[in-house]
Amino acid sequence: MTATARLLEQRSVGHVHVRMERQGIAVMREAGSAKCRMPRGTHEAILINTSGGLAGGDTVYITAEVGDEAALTLTSQAAERVYRTLGPAAEVQVTLSVGNNATLLWLPQETIAFEGSALSRALDVDVADGATFVAVEAIVFGRTEMGEHVNRISLVDHWKVRRDGKLVHAEALRLGPSLPMAEASLAGNHAMATLLLVSPNAGEYLDRVRMVLGPLDGASAWNGKLVARLLAKDGFHLRKTLIQVLVACVGRENLPKCWTF
C-alpha cells in the first residue's frame, strides 16, 4: 500500500443534505464529520465540521434544495481551516438548487488556508427564473495577526451557476504552487472574497454595494447578476468590508448572527 493510500484511509468524509419547503424543513440528513443544526423557528442552517478542519484527502459534500417560494440561509459555525497536506487535496463539493420565487443564501464563514495546504472546491447551482441566490466565498491566507505567512499553497475553485438550465455564471480559480503576490494578483494582500448575487433585480444593488467597497475592491452587474471582488490585507479587514457588502445585498436582518462582530 502506498503512503497516499494509507493517508486516505485515515481521512474524514462528511455529507449534509437539506431541503427547505414553504412549510419548513422537509429533509435533513447528515453523515460522517459534517453536521447541520437549525435554530428553532428560523430558516437558517448552520454547517459544522466536527473534524476541526480539512486535511489532505478529506472530503465534504453539501447538498441543499429550496422549494418554490421558500427561503434558506446556509452558513457555517466557524471559519473553516485547511491544514498542510502530505499529498492529496481536501475536496469540498457544494450542490444547490433554488425553486421558483425562492431565496437561497450561501454564506459560509471564511476559509483559512495554512502553509502547504491544498483545497479543491466546487460550487454547482441551479436557479429557477425569478429566484434569488447569493453566494460568498472568502479565503484568508494564514493568520497574519499571529505571525503566519503562506508562501506555498494549492487552491482550485470552480463555480457553475445555471438559471433555468442555462449557464449564467462560471469561473475557475487556481492558485499555486506559490502564492501570487504581484501587483496584478494579490498585490501583497492576504485575504480575498467573491460575492455573487443572481436575481432579476440584481442591478438595483450595484450602487449601494459600490458605496461600501474598499479601494482595492470592485463590483459589476449585468444580465441579472452582480459580482463583487474584495481584497484586504488580513481576515479582519476583509470581514469588516464583506459584512457591509452583505448587508447592502440581503439586509442586516437576514445576515446570520455568526457574521456579526
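Scroll up to find the structure.
Conventions and cut-offs
- Residues numbered from 1 in each chain as written.
- Predicted model: local features only at pLDDT ≥ 70, side-chain atom pairs only at ≥ 80, totals over all residues.
- Heavy atoms only, no water.
- Helix = DSSP H or I, 4+ residues; strand = E, 2+ residues; numbered from the N terminus.
- Buried < 20%, exposed > 50% of the residue type's maximum accessible area, 1.4 Å probe, protein only.
- Pairing = 2+ DSSP bridges.
- Axes fitted to C-alpha atoms, helices over the stretch in contact; angles between N-to-C directions.

> Residues and numbers for unusual backbone geometry, please.
Cis peptide bonds are those with omega within 30 degrees of zero, and the linkage from G176 to P177 qualifies with 0°. With respect to the helices, strands and loops of the structure, P177 is situated in the loop between β14 (166-175) and β15 (191-198). The phi dihedral of E69 is positive, around 65°, even though this residue is not glycine. With respect to the helices and strands, the residue E69 is situated in the loop between β5 (59-66) and β6 (71-76). Taking the relative accessible area as the measure of exposure, E69 reaches 45% and is therefore partly exposed. Phi is positive for A187, close to 55°, though the residue is something other than glycine. Here A187 shows up in the loop between β14 and β15.

> Describe the sheet that holds strand β2 (residues 24-32), naming the residues involved and giving the relevant values.
Overall, mixed pairing links the seven strands, which are arranged β2-β1-β5-β8-β11-β13-β14 in an open sheet. Across the chains shown, the open sheet's two edge strands, defined by having one partner strand only, are β2 and β14. If you compare each strand with its neighbour and ignore which way they point, the axes differ by 5° on average. Inspection of the sheet shows strand β1 (residues 13-21) paired to β5 by eight bridges, in the parallel sense. Bridge assignment links H17 to a residue of β5, and that residue is T63.

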